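Coordinates in review
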Amino acid sequence: MASWEQSSARLLRALRLDSVRSKMLVFAVLATLIPSLSTAWVSYSANKRSLTEKIAGELTSVSAQTAREMDLWTKERFYDLNVFAGSYEVTENLDRIQRAGRASPAAAAYRRLTDYLNSVRERFADYAELLVLDPAGHIVATTAKQDHRVRLPPDWLRALREHNTLLGDAYHDDAAGAGVVVFAVPIYVTRGRLIGALTAKVRLRAVGDELRRFAAGAAADVSLLDADGRLIAGSRADTARFLKPVVDDRTLHQLAARDGVAVDYRGVSGDPAVGTLKPVPSLPWTVLAAVPALEAYRQIRHLRNVTLLIVAALLVGVGLLGYVLGLLITRPLDRLTEGAARVAAGDLAVDLPVVGGGELGYLTEVFNDMVTRLRGGRRELERLSATDDLTGLYNRRHLTDILAGEVRRSRRLGHSFALFMADVDHFKEYNDAHGHLAGDAALTCVAGILRECTRDVDCAARYGGEEFVVLLPETDAAGGVEIAERIRARLAADELIVGQLTLSIGVTEFPDGGDTSEALVASADAALYQAKHQGRNRVVRAAPRTVARRREG
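Note that the structure is a prediction, hence the values are computed from the model and not measured. (Residues numbered from 1 in each chain as written. Predicted model: local features only at pLDDT ≥ 70, side-chain atom pairs only at ≥ 80, totals over all residues. Heavy atoms only, no water.)

**Topic: the sheet that holds strand β9 (residues 263-266)**
Taken in spatial order, the 5 strands line up as β8-β7-β11-β10-β9 in an open sheet, and their pairing is antiparallel. Where the open sheet ends on each side, the last strands, each with one partner, are β8 (231-234) and β9. Shown here is a sheet whose adjacent strand axes are inclined to one another by a mean of 35°, direction ignored. Bridging between strand β10 (residues 272-279) and strand β11 (residues 286-292) involves 7 bridges; their strand directions are antiparallel. Looking at the pairing, Leu277 lines up with Leu288 of β11. Contacting β9, β10 and β11, helix α7 (residues 249-257) runs over the sheet at an angle of about 170° to β9. (Pairing = 2+ DSSP bridges. Helix = DSSP H or I, 4+ residues; strand = E, 2+ residues; numbered from the N terminus. Axes fitted to C-alpha atoms, helices over the stretch in contact; angles between N-to-C directions. Contact = heavy atoms within 4.5 Å.)

Next comes the structure, spelled out in structure tokens:
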């Protein structure tokens with residue numbers, strides 16, 4: 001055999017693919033699985049790549065458009081505030097208030113300034129509050145019924161001078177009962193003198209409305225985030241998430257580094273999502289357009305599941321076809337293999353059906369004939385190994401095995417059984433006087449009497465020479481004595497040896513006579529010796545071990 005054949009045979013044995021049927025089945029499965037999975041993987045990869053590009057394009061478009069719109073929205077707010085801040089009602093009245101202090105002209109100016117702010121606020125529902133601040137940050141006038149602090153950065157005045165606009169941080173305003181963001185523009189008078197700032201607390205609910213308008217028709221969730229990744233507003237109203245982190249710092253940096261590219265990530269809640277991040281121009285805000293991964297890849301998952309289902313159906317169909325073909329082709333060989341294995345394991349109750357003709361049919365017939373011959377030979381060997389050649393009773397070795405098993409059974413069930421040992425009296429003199437043939441006939445006669453006087457469940461054995469042992473399951477000592485007496489009387493009346501041979505029998509009981517097979521045989525042997533000593537031709541019951549020990553003590 002070539003080396004490659006040996007290597008292939010070893011490999012197939014290691015994989016347990018020795019049989020013809022297993023080789024056919026594996027070939028059919030591989031022939032189906034390899035091209036199907038290859039095609040499915042190529043199709044899945046191409047579709048996922050196409051879908052990812054589509055999702056990325058949609059999310060990038062939504063985030064970019066939203067960022068531009070938010071930039072325009074903030075610029076509109078600043079433009080409106082600049083228009084209001086340049087109004088004569090604001091500049092002149094604020095200047096009069098600062099010049100007059102607490103004099104009566106200041107009171108009139110304060111009243112006109114407050115009325116103007118209220119009239120503006122009534123026209124703009126987004127404004128939670130309009131305020132006029134002096135350069136020190138003190139509230140000069142407000143639309144609120146009570147003065148409330150406005151949250152501004154520490155360097156708000158410098159930023160206002162440099163940029164002419166100021167956008168504060170988003171926070172929850174208790175007076176407005178909602179999230180707000182502060183817009184502020186400077187108030188100048190003649191010669192560019194800064195006398196204060198017009199500030200508006202704009203409700204972030206308006207931002208959410210804008211985001212919902214931008215995201216209309218898209219499956220994405222559009223969120224406006226601050227520089228720390230906390231939610232300012234979103235297209236899906238959820239006040240509980242206000243100023244809560246939407247993504248962690250690592251994911252925020254990853255999204256920011258891949259501007260305009262869809263990124264798979266996990267949100268703070270742990271749910272997988274796909275999103276893009278786009279900064280709002282000139283503002284410390286970013287727009288996150290995201291869609292849940294389950295929703296984004298729903299189509300590709302459906303395609304994958306359908307593909308796997310088709311492949312599984314193909315595998316089942318091809319597997320069944322290969323299995324059926326294997327049965328038709330290799331079934332006779334399998335039967336012969338299984339039959340040979342059973343025979344090798346010692347099971348000779350094998351009779352294979354002869355199906356069809358040809359070489360396999362002839363081989364099956366020869367195999368059945370061989371098993372039949374082996375079965376007959378084994379029965380004869382078993383009989384010879386367990387029985388005595390002369391008497392046909394069980395031999396001593398078989399009796400020892402049966403006795404040990406009965407001891408275990410009776411000990412487990414808490415039952416008793418009887419055992420007696422019989423010895424033919426004066427057998428040596430009889431054998432010497434009549435010859436060995438007559439002696440063998442006498443022993444055969446004793447064996448026949450033992451078989452006649454015992455049950456099928458009892459075990460009668462030739463223990464050695466002219467000694468016999470009988471095991472009586474589920475029988476007490478009294479029952480054993482009764483059966484022994486019957487056997488003794490039956491032998492004494494036998495026509496062949498009447499008046500010439502008698503039996504001396506010693507009877508014992510488990511567990512009184514001993515709790516092991518050796519102890520029981522010794523107890524019966526001691527009782528037999530006592531019967532011999534008392535004159536032979538009698539049955540003696542062994543004394544229980546407890547009584548014997550009491551007497552010894």
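Now, onward.
**Concerning the packing of helix α13 (residues 436-453) against helix α14 (residues 477-492)**
A pair of packed helices can be characterised by two numbers: the angle between their axes and the separation between those axes. Here α13 crosses α14 at 140°, and the two axes come no closer than 10 Å. In this view, α13 runs oblique relative to α14, as classed from their interaxial angle. Crossing of α13 over α14 shows right-handed handedness. On α14, the residues that touch Val446, Ile449, Leu450, Glu452 and Cys453 of α13 are Ile483, Arg486, Ile487, Arg490 and Leu491. (Parallel < 35°, antiparallel > 145°, perpendicular 65-115°, else oblique. Left-handed = near helix turned anticlockwise from the far one by under 90°.)

**Regarding the nonpolar core**
Core analysis: the largest hydrophobic core is formed by 59 residues, its most contacted members being Leu81, Val132, Leu198, Leu224 and Trp285. It is helix α2 (residues 20-85) that contributes the most residues to this core, 13 residues altogether. For Leu198, the contacting residues outside a window of four places in its chain are Leu81, Phe84, Ala85, Leu117, Leu131, Val132, Phe183, Ala184, Val185 and Ile187. One finds Phe427, Ile449, Val470 and Ile487 within the second-largest nonpolar core, a separate group that totals 29 residues. (Core = buried A, V, L, I, M, F, W, Y, C linked by side-chain atoms within 4.5 Å. Buried < 20%, exposed > 50% of the residue type's maximum accessible area, 1.4 Å probe, protein only.)

**A closer look at the packing of aromatic side chains**
Enumeration over the complete set of coordinates arrives at 5 aromatic pairs. Ring centres 5.9 Å apart and planes at 75° place the aromatic pair Trp73 and Phe183 in the edge-to-face group. Residue Trp73 is found in helix α2, and its partner Phe183 is found in strand β5 (residues 178-189); the two are separated by 110 residues along the sequence. Exposure class is identical for Trp73 and Phe183. Each is buried. Relative to Phe124, the ring of Phe84 lies with its centre 5.5 Å away and its plane at 65°, an arrangement referred to as edge-to-face. (Phe/Tyr/Trp six-rings, centres within 6.5 Å; stacked < 30°, edge-to-face > 60°.)

**Focus on the confidence of the model for the protein**
Confidence in the prediction of the protein, expressed as mean pLDDT, is 81, and 85% of residues score 70 or more. pLDDT under 50 marks residues 546-553. Its contacts with residues more than four places away, or in other chains, come to 0 contacts. (pLDDT = per-residue confidence, 0-100.)

**Focus on a nonpolar patch on the surface**
On the surface, a cluster of nonpolar side chains totalling about 240 Å² of accessible area is made up of Val26, Leu30 and Ile34. Tracing the backbone shows Leu30 in helix α2. Classification of Leu30 by relative accessible area gives partly exposed; the value is 42%. (Patch = residues over 30% accessible without salt bridge, like charges linked within 9 Å, V, L, I, M, F, W, Y side chains within 5 Å. Areas by Shrake-Rupley, 256 points an atom, 1.4 Å probe, with all protein chains shown as cover. Salt bridge = Lys/Arg side-chain N within 4 Å of Asp/Glu carboxyl O.)

**A closer look at a negative patch on the surface**
Taken together, the side chains of Asp169, Asp228, Asp248 and Asp249 present a region of like negative charge at the surface. For Asp249, the position within the fold is in helix α7. Judged by its relative accessible area of 51%, Asp249 falls in the exposed class. (Lys, Arg positive; Asp, Glu negative; His and termini not counted. Charge placed at Lys NZ, Arg CZ, Asp CG, Glu CD.)

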